[in-house]
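# Fold and contact review
Each chain is listed here by its residues.
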Amino acid sequence: ADAVIEADAEVTEEDAVAEEPALEEDAVIEADAEMTEEEAVAEEPALEEDAVIEADAEMTEEDAVAEEPALEEDAVIEADAEMTEEEAVEAAEIEALDEAPVADEAVETEAPVAEEDINTEDFTIAELANNNDSFEVLSAALAAAELTEILGSEGPFTVFAPTDEAFAELPEGAVEQLLLPENKDVLVQVLTYHVVPTEMLAADLATGGVSTVEGSEIAVAVGDTITVDNANVVFADLEASNGVIHVIDRVILPAAPEGDVEPEAAE
């Protein structure tokens, strides 16, 4: 029995020895597993390299996007070059027109009229005169002669209205003298000589005498142009709610009174 037990023990030792290869194999498998992990670690640079390649690809796209402004700038420069060519052609045409002989053209006097977007028929003659920069002297004279209210009434009237430039043609100091209170009667006489007590458009005017509010007649001549005494009508038919204004380039004056009149009064 002892021998058997001892033999079994030996067999067990042999079995244990026989089992050692299996243990070694497990160690190898475990080592292989570790190597596999190392290999995985070793493969990481490759993965990192792939990531770098992919990043490079993305950077390339970004670089392409970054280059787009440059491409757009090139397009703008090219467009500018084309525009420059068109401008050069236009400049050449303008220069050719400038160099071409041009027939003399008649210079027309610009009439001091209200802006086109304003309906002048919504205003009276007095209001049109008061709101036009070309009639500042006329407006002051109407106020001094107390005629503003009359020319703001129903009417109708036709006014041959001198511009400020026309009043400037009078002798030096004449306007100032007319505006003095003591010369009101003379001022009224001068101003009413410019007013006809009815509405007369340009088409209604004919060569001949036309009676004025002052009492005497003005001499109208109708041809290529319209003249009133020695003044030219530079703009006709500025219609108002109570009549019409014809703009003239000179102040017209009634004839000096006849009879025994002192020289100073006549002047």
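Conventions adopted
Counting restarts for each chain: residues are numbered from 1 in the order of the written sequence. Note on the predicted model: pLDDT of at least 70 is required for a residue's local features to be given, and 80 or more for side-chain atom pairs to be given and counted; whole-chain, interface and lining totals, by contrast, use all residues. As a rule here, side-chain values come from all non-hydrogen atoms in the structure, and water together with hydrogens is ignored. Counted as salt bridges are all cases of a side-chain nitrogen of Lys or Arg within 4 Å of a carboxyl oxygen of Asp or Glu. Helical segments are the DSSP runs of H or I of at least four residues, strand segments are the runs of E of at least two, and each set is numbered from the N terminus. Strands qualify as paired when DSSP identifies two bridges or more between them. Helix axes are fitted only over the stretch in contact, all axes being lines through C-alpha atoms; the angle between N-to-C directions runs from 0 to 180 degrees. Angular relationships are summarised with four words: roughly parallel below 35 degrees, roughly antiparallel beyond 145, roughly perpendicular across 65 to 115, and oblique for the angles in between. Crossing handedness follows the turn of the near helix against the far one: under a right angle anticlockwise gives a left-handed crossing, and clockwise gives a right-handed one. The contact criterion used throughout is that any non-hydrogen atoms of two residues lie within 4.5 Å. When residues are sorted by character, Ala, Val, Leu, Ile, Met, Phe, Trp, Tyr, Cys and Pro go into the nonpolar class, Asp, Glu, Lys and Arg into the charged class, and all the rest, Gly among them, into the polar class. Working definition: with a 1.4 Å probe on protein chains only, accessible area under 20% of the residue-type maximum means buried, over 50% means exposed, and in between means partly exposed. Think of pLDDT as the predictor's per-residue confidence, scored from 0 to 100.

Another point: the pattern of salt bridges. Side-chain pairs of opposite charge can arise where the charged atoms are in close proximity. In this structure the tally under the stated criterion is one salt bridge. For Glu146, the salt bridge is made with Lys184, and the minimal N-O distance between the two is 2.9 Å. With a gap of 38 residues between them, Glu146 in the loop between α3 (136–144) and α4 (148–151) and Lys184 in helix α7 (residues 184–192) connect regions that are remote in the sequence.

With that out of the way, let us pick up the sheet that holds strand β6 (residues 231–240). Pairing is mixed in the open sheet, where seven strands are placed in the order β2-β1-β7-β6-β5-β4-β3. Every other strand in the sheet has two partners, leaving β2 (195–196) and β3 (208–211) as the edge strands with one partner each. Here strand β1 (residues 157–162) pairs with strand β7 (residues 243–248) via six bridges, running parallel. For Phe157, the partnering residue across the bridge sits in β7 and is Gly243.

Okay, the packing of α3 against α7 next. At a closest axis distance of 9 Å, the pairing of α3 and α7 adopts a crossing angle of 125 degrees. Judged on the interaxial angle alone, α7 and α3 are oblique. Helix-helix and strand crossings are classified by hand; for α3 and α7 the assignment is left-handed. Judged by residue contacts, Leu138, Ala141, Leu142 and Ala144 of α3 engage Lys184, Leu187 and Leu191 from α7. Residue composition of the contact of α3 with α7, grouped by class: six nonpolar, no polar and one charged.

With that settled, consider α7. Where α7 is concerned, the buried positions are Leu187, Val190, Leu191 and Thr192. Each element contacted by the buried residues of α7 is listed here: α3, α6 (174–178) and β2.

With 52% of its residues at a pLDDT of 70 or more, the protein chain shows a mean pLDDT of 72. Across residues 40–48 the pLDDT falls below 50, and counting only partners more than four positions away or on other chains, this stretch makes zero contacts in the model. Confidence drops under a pLDDT of 50 for residues 100–116, and excluding neighbours within four residues, the segment shows twelve contacts in the predicted structure.

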